[in-house]
Amino acid sequence: MKKFIALSLIAVVGLASCNSNRDEQAKADQAREQASREELATAVADRDQLLNLVSEINQGMEQIKQLENILTVSNNIPGETASQRDQIKSDIDAIQKALQERREKLAELEKKLSSSNLTNNNLRQTISSLRAQIDSQAAEIVSLKDNLGQAQQRIGKLDAAVDSLTTTVTAVTDERNVAQEESVNLANELNTCYYAIGSKSELKERRIIETGFLRKTKLLKGDFDQSFFTTADKRTLTRIALHSKKAEIMTNQPEGSYIIDSDNGQKVLVITNPDAFWSLTNYLVVKID
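Residues numbered from 1 in each chain as written. Predicted model: local features only at pLDDT ≥ 70, side-chain atom pairs only at ≥ 80, totals over all residues. Heavy atoms only, no water.

Draft legend 1. Inspection of the packing of aromatic side chains at higher detail. The final tally for this structure, using the stated rule, is 6 aromatic pairs. Relative to Phe229, the ring of Phe224 lies with its centre 5.8 Å away and its plane at 70 degrees, an arrangement referred to as edge-to-face. On the numbers, 5.3 Å between centres and 85 degrees between planes, the contact of Phe229 with Tyr283 is edge-to-face. A residue pair is termed long-range when its members are at least 10 positions apart, and Phe229 in the loop between β3 (215–219) and β4 (230–233) and Tyr283 in strand β9 (residues 283–288) qualify at 54 residues. There is no split in this pair, since Phe229 and Tyr283 are both buried. Cluster of aromatic residues (ring-pair linked, three or more members): Tyr194, Phe224, Phe229 and Tyr283. (Phe/Tyr/Trp six-rings, centres within 6.5 Å; stacked < 30°, edge-to-face > 60°. Helix = DSSP H or I, 4+ residues; strand = E, 2+ residues; numbered from the N terminus. Buried < 20%, exposed > 50% of the residue type's maximum accessible area, 1.4 Å probe, protein only.)

Draft legend 2. Structural view of the sheet that holds strand β8 (residues 266–271). In spatial order, the strands read β5-β8-β7; together these 3 strands make up an open sheet with antiparallel pairing. Looking at the sheet topology across the chains shown, the edges are occupied by β5 (239–241) and β7 (258–263). Averaged over all pairs of adjacent strands, the angle between strand axes in this sheet comes to 25 degrees, irrespective of strand direction. Of the pairings in the sheet, the one linking β7 to β8 comprises 6 bridges and is antiparallel in character. Paired with Tyr258 across the bridge in β8 is Ile271. (Pairing = 2+ DSSP bridges. Axes fitted to C-alpha atoms, helices over the stretch in contact; angles between N-to-C directions.)

Draft legend 3. Focus on the sheet that holds strand β6 (residues 247–249). On the basis of which strands lie adjacent, the open sheet formed by 4 strands has the order β4-β1-β9-β6 and mixed pairing. Only two strands of the sheet have a single partner each, and these edge strands are β4 and β6. Taken over all neighbouring pairs, the strand axes of this sheet differ in orientation by 30 degrees on average, direction set aside. Looking at chain direction, β6 and β9 are connected through 3 bridges and run antiparallel. Residue pairing for β9: Glu248 is matched across the bridge by Lys287.

Next comes the structure, spelled out in structure tokens:
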């Protein structure tokens, strides 16, 4: 009987031990399964981040190409403003900053993936390719900055040249205006004429004519009264109303260059050939009665 009881106890202990081992094994399997799931989820998340990074890098390349086109075109536009250049510089700086952020993201992903059992050669090749693309884009940005700087230097030189030309043009324009003004003044002076209309006594009183017994009439001798004359322009003076029934031209105007006509019984001087009429003198004296 005692022997039977002892054997029963041994069997019970052995059965309990087996059950305990099975429980521990099950727990270990569950832990490994959970770890595998978490590692897989992490790997999937890392993969998604890597794919997003690929998309960002491709977008960055497109942005760089657009800036290259803008900069190429703008270099051929004389009227480009400083604000447009500042905008291009701002865009370049923004892309350069984004490239640095992508380089940091890639380094962080590479570090995480290197410790994962799910990392394979394809992922490593993708990371290496992305790093090369980022480096290439960074070099493109440096080149764009250099081109922009050279363009700004050219613009500075052009601005200086424009300022110099503007100063020269202004000076030449001022000289031309002065010359034109002097030419106009000279033309006006050359075409200025004077005429006086008055009776014999009025003309003598103004010392425009001098007469005496048995002496030929002298005209415009000595200090005659200039204020008695009307100033006119030879180019526009073609007709002078004399307001008299009689009129005699005292100065030496060539015959055939004028006629003395009548208008309602009043004499009118009509200049038919201005160049000939004023060829001998710029003064006209008409005596009326």
